[in-house]
Amino acid sequence: MMRYWPRRAGGLPPGQRLLSEMPRFSDRPCLPPPVMPVEPRLEIRRDGEPVAVLSARDLEALGPRDHTADFHCVTTWSVTGLTWTGVPLRDVLAAVGVPETPYLVAGGGDRWRAVFVWPDAVAPDVLIATRLNGAALDERHGAPLRLVAPGQYGYKSVKHLVAVDLLTGEPRADPKEHPRARVAFEERHPRLPGRLLRLPYRLVIGPTAYLAERSLRRRATPTGERHGGEDDSGGGRVDR
Ligand SMILES: Nc1nc2c(c(=O)[nH]1)N[C@H]1C(S)=C(S)[C@@H](COP(=O)(O)O)O[C@H]1N2
Ligand SMILES: [Mo]
């Protein structure tokens, strides 16, 4: 577990520490990655009405490019210098012709979701990524499509992305989810001051990463003892 103890390093945002490798991480670490189709398929809806369904070819046509960014989990671990390949979300929204809408919800195939206000969602560094460091996204990091929002805590960077919902009314967020979650302002939590959470959050990094990696390994082992899909998920909420 020591490899999950982040170390102090210069140049990081307030309260963040450095890990040398990006672990698999989640608020629900005992849940294995969802079974996803190999081919990306992204649904865009506005107030529940279908707007578009994008395929890999549609995304390819928007000219994916490499973007280098650091990644900051709310539990205080950061990794630096990741290169994502993808298309800015704002380009996707423009291409399908949706007008400015106050809220967006990004949803993953494991039903993970994150809420955004329009200005955060259309920031130029918010991407729909298909690749990480030159290789196609794997199950650990969100295959086949992932949202990447480097200016916000990692819980907004939805893995296994399947849908983006544009909403005129404010959606309900997770109780631990800050509506903006901007790393620069240490918006870790909707009510508690970010500074106060640094230590308690840091203490859950090791166990959470360990469990998240273990559930991935179990899924990857064909002979693994799994009785139906839900066994591993019981009481599995640790921290974002
Ligand atoms: N679909 C989905 N996306 C998710 C999560 C998740 O459990 N499911 N966990 C979030 C959290 S809390 C973090 S820190 C990052 C972790 O990304 P990684 O597993 O690629 O390191 O993914 C975020 N996106
Ligand atoms: Mo996180």
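Under the annotation held in an unreviewed UniProt entry, the protein chain carries the name Molybdopterin-dependent oxidoreductase and is attributed to Actinoplanes flavus.

Asks: So what about the site of ligand 1? Which residues, and what values?
Replies: If you check the shell around ligand 1, you find 19 residues, and the closest are Pro23, Ser26, Asp110, His141 and Lys159. With respect to ligand 1, the backbone of Pro23 contributes an N or O atom lying 2.6 Å from an oxygen atom. Measuring from a nitrogen atom of ligand 1, one finds a side-chain N or O atom of Asp110 at 2.7 Å. For ligand 1, the protein covers 99% of the area, taking 530 Å² as the surface of the free molecule.

Asks: How would you summarise a nonpolar patch on the surface if you had to cite specific residues and measurements?
Replies: A cluster of nonpolar side chains, contributed by Trp5, Leu199 and Leu203, occupies part of the molecular surface with about 320 Å² of accessible area. Secondary-structure assignment places Trp5 in the segment before β1 (17-18). With relative accessibility at 40%, the residue Trp5 sits in the partly exposed group.

Asks: If you had to explain the environment of Tyr4 to someone new, which residues and values would you point to?
Replies: Secondary-structure assignment places Tyr4 in the segment before β1. Overall, the relative accessible area of 8% leaves Tyr4 in the buried class. Residues in contact with Tyr4, not counting those within four places in the same chain, are Leu19, Pro23, Ile205, Gly206, Ala209, Tyr210 and Glu213.

Asks: So what's going on with the pairing of strand β3 (residues 49-55)? Which residues, and what values?
Replies: Here six bridges tie strand β2 (residues 41-46) to β3, and the two strands are oriented antiparallel to one another. Bridge pairing in β3 places Ile44 opposite Ala52.

Asks: Residues and numbers for the packing of aromatic side chains, please.
Replies: Applying the stated criterion to the full structure yields two aromatic pairs. Taken together, a centroid distance of 5.5 Å and an interplanar angle of 70 degrees make the contact between Phe25 and Trp77 edge-to-face. Residue Phe25 is found in the loop between β1 and β2, and its partner Trp77 is found in strand β5 (residues 77-88); the two are separated by 52 residues along the sequence. Side by side, Phe25 and Trp77 carry an identical accessibility label, which is buried. With centroids separated by 5.7 Å and ring planes inclined at 25 degrees, the aromatic side chains of Phe71 and Trp77 adopt a geometry described as stacked.

Asks: So, the pattern of salt bridges: which residues are in play, and what are the values?
Replies: Tallied over the full model, the rule gives eleven salt bridges. The partner of Arg219 in a salt bridge is Glu139, with the nearest N and O atoms 2.2 Å apart. Separated by 80 residues along the polypeptide, Arg219 in helix α4 (residues 194-220) and Glu139 in the loop between β9 (135-136) and β10 (146-148) bring together distant segments of the chain. A relative accessible area of 22% means that Arg219 is categorised as partly exposed. We classify Glu139 as partly exposed; its relative accessible area is 30%. Put simply, Glu177 and Lys156 hold a salt bridge, and the shortest N to O gap is 2.8 Å.

Asks: So what's going on with the sheet that holds β2? Which residues, and what values?
Replies: In spatial order, the strands read β3-β2-β11-β6-β7; together these five strands make up an open sheet with mixed pairing. Strand pairing shows two members of the sheet lacking a second neighbour, β3 and β7 (113-117), which therefore form its edges. Taken over all neighbouring pairs, the strand axes of this sheet differ in orientation by 20 degrees on average, direction set aside. Direction of pairing for β2 relative to strand β11 (residues 161-167): parallel, over a ladder of four bridges. Paired with Glu43 across the two strands is Ala163, which belongs to β11.

Asks: Talk me through the UniProt feature "domain: Oxidoreductase molybdopterin-binding" (unreviewed entry) in the protein chain; I want residue IDs and the actual numbers.
Replies: Under the present numbering, the feature "domain: Oxidoreductase molybdopterin-binding" (unreviewed entry) in UniProt falls on residues 41-170. Between the C-alpha atoms that bound residues 41-170 there is a distance of 25 Å. The span itself is 14% helix and 48% strand.

Conventions adopted
- Residues numbered from 1 in each chain as written.
- Chains lettered and ligands numbered in written order.
- Predicted model: local features only at pLDDT ≥ 70, side-chain atom pairs only at ≥ 80, totals over all residues.
- Heavy atoms only, no water.
- Near = heavy atom within 4 Å.
- Polar contact = N/O pair within 3.5 Å; in protein donor to acceptor, adjacent residues only side chain to side chain.
- Areas by Shrake-Rupley, 256 points an atom, 1.4 Å probe, with all protein chains shown as cover.
- Patch = residues over 30% accessible without salt bridge, like charges linked within 9 Å, V, L, I, M, F, W, Y side chains within 5 Å.
- Salt bridge = Lys/Arg side-chain N within 4 Å of Asp/Glu carboxyl O.
- Helix = DSSP H or I, 4+ residues; strand = E, 2+ residues; numbered from the N terminus.
- Buried < 20%, exposed > 50% of the residue type's maximum accessible area, 1.4 Å probe, protein only.
- Contact = heavy atoms within 4.5 Å.
- Pairing = 2+ DSSP bridges.
- Phe/Tyr/Trp six-rings, centres within 6.5 Å; stacked < 30°, edge-to-face > 60°.
- Axes fitted to C-alpha atoms, helices over the stretch in contact; angles between N-to-C directions.
- UniProt positions renumbered as here; feature names shortened; annotations may be inferred.

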